[in-house]
Amino acid sequence: MPLSVRPTPYEVPAYSLTGDLLSYRTCGLQYRYQNRGALPPSKPVQLWFGQFIHGVMEEAYRFWKAGNHSFPWSDPQLQPIIHLIIRRLAARGIHFQRVQLLAIAIERAFVAINTWGPFLFPEISDAEVTLRGIRQIPAATDSIRQSNYYEVQGVVDVMTRIQLNPIVDPNPFANAILGSLTNQTYELIIDYKGMRRPSLNDPHHTSWQDHRHQVLTYAWLRGQQPGSPDVRSGILLYLNELVPSTEDMDRLYEDIYGAHSSPINTDLVPTGADAKAIQNWPRIKRLWRDQLALTKDLQANVNQASWLDQVSEWWKSGRDTSSPQPFPRMPTLPGELSFDYRKRRSFREVAVNPGQIQASLEAFDHIVAEIESSVARESRGGIITKTWTPNPAEETCTACDFKTFCPASAYRGAPSAP
């Protein structure tokens, strides 16, 4: 008696906008090992900070909604949220690696909530909104899939629903969609980014363009849901810009005064004291490091505990007590950028229209085609390092666990223990 053969499963591949598409754009080979191979990084620095800042912003909104707390928030209001998110991440096995990361992450959380919370929280209609849609896999893809389609997945940090009035609204999130002075209701997509504002043109990273495509794809996904209002605009909040690190300042200096910054590689050109501070950055960089590492009492002419030491002691003393000590705030640094400039660099608007949405969808279709082609070549016996395309960049390779055998990395050699 002949037996029937079970048919190949009809699988519709699913792609996350951040977990797959943006990760692949960072480095295809790293994406293969970490995302598709489920090999988590041994030093998840960016993972911890991204999860931390998203968790703090979400929990802060819930706290505000429950009690309608006025701004600015004080240390006793924010500390329970910060400790909650740190414990929540630790329970999932995600820990901060250095006290420097903990210190600047908490400082950014304080500034971000008190800067954008008063404008953002009253306008939020939904938070952590999961969106899904179906796209056709490009016909030229060398795919082994039986399906001709793929699923696009995304989680929007914040959706706001604003009814516009024929006046100029002082709220920057409402102003972002004041293109039509009618009483129609519109939605605004807001996405938090735990990173600096990207360079306009970077040979190794296309974050500036990719983030725009991400927001426009969110707008398309939202439009697939029946009865949803029009998405008029998207906002990206680059929270590192509110409290830049020395590495962020290095990149900003390169964008404006570096050897490869002609033309200037940022859309927000500094003026006045901000331009002077960035121009002087090579000279004041050491002062920043000294100020963070050592606080000097000028009157007593003695050295005090550094800011990082103070944060370390705060963390040790506050974990096991119901009344933690106040968080030691970051000291004022020499040649700091003005708060107005930092705030403007933190805020990026992305206009939404059908033509731009279509271009973004085609861009992500192209990325899916590349991934599917790599999957097909590997399934036919191809070597991983030859079927997946690496994208060597110093900041990516330095923290990558696979750099010692990556064919494109400058850090090849004998592996070392993490």
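Preceding block: the structure.
Residues numbered from 1 in each chain as written. Predicted model: local features only at pLDDT ≥ 70, side-chain atom pairs only at ≥ 80, totals over all residues. Heavy atoms only, no water.

## So, the pattern of salt bridges
The cut-off we apply is this: Put simply, a salt bridge is a Lys or Arg side-chain nitrogen that is within 4 Å of an Asp or Glu carboxyl oxygen. Put simply, DSSP H or I for four residues or longer makes a helix, DSSP E for two residues or longer makes a strand, and each gets a number counted from the N terminus. With a 1.4 Å probe rolled over the protein chains alone, any residue whose accessible area is under 20% of its type maximum counts as buried; one over 50% counts as exposed, and the rest are partly exposed.
Enumeration over the complete set of coordinates arrives at 16 salt bridges. Between arginine 329 and glutamate 107 there is a salt bridge, with the nearest N and O atoms lying 3.0 Å from each other. A residue pair is termed long-range when its members are at least 10 positions apart, and arginine 329 in the loop between helix H11 (307-318) and helix H12 (339-346) and glutamate 107 in helix H5 (residues 99-120) qualify at 222 residues. Arginine 329 sits in the partly exposed class, given a relative accessible area of 40%. Classification of glutamate 107 by relative accessible area gives buried; the value is 7%.

## Some details on the environment of tryptophan 48
For clarity, the cut-off: We call two residues contacting when some pair of their heavy atoms lies within 4.5 Å.
Along the polypeptide, tryptophan 48 turns up in helix H3 (residues 45-67). For tryptophan 48 and phenylalanine 96, which are 48 residues apart along the polypeptide, the C-alpha to C-alpha distance reads 6.1 Å. Excluding residues that lie within four positions of it along the chain, tryptophan 48 makes contacts with Ile86, Leu89, Ile94, His95, Phe96, Leu101, Leu102 and Ala105.

## What about a nonpolar patch on the surface?
The following threshold applies: Exposure above 30% relative accessible area and the absence of a salt bridge qualify a residue for a patch, where like charges join within 9 Å and nonpolar side chains (Val, Leu, Ile, Met, Phe, Trp, Tyr) within 5 Å. Each accessible area is a Shrake-Rupley result for a 1.4 Å probe, and residues are judged covered by the shown protein chains and nothing else.
Taken together, the side chains of Val12, Ile134 and Tyr149 make up a nonpolar region of the molecular surface, amounting to roughly 260 Å² of accessible area. For tyrosine 149, the position within the fold is in strand S3 (residues 149-163).

## Some points on the packing of aromatic side chains
Keep this limit in mind: Ring geometry is summarised as follows: Phe, Tyr and Trp rings, the Trp one being its six-membered ring, pair when their centres sit within 6.5 Å, and such pairs are stacked at plane angles under 30 degrees, edge-to-face over 60 and tilted between the two.
Under the counting rule described, the total for this entry stands at 23 aromatic pairs. A ring pair is formed by tryptophan 64 and phenylalanine 121, whose centres lie 6.2 Å apart and whose planes are at 50°; its orientation type is tilted. Of this pair, tryptophan 64 sits in helix H3 while phenylalanine 121 sits in the loop between H5 and strand S2 (124-136), and the two are 57 residues apart along the sequence. A relative accessible area of 1% places phenylalanine 121 in the buried class. Centre to centre, the rings of tryptophan 281 and tryptophan 288 are 5.0 Å apart; their planes meet at 85°, and the pair counts as edge-to-face. With respect to class, tryptophan 281 is no different from tryptophan 288; both count as buried.

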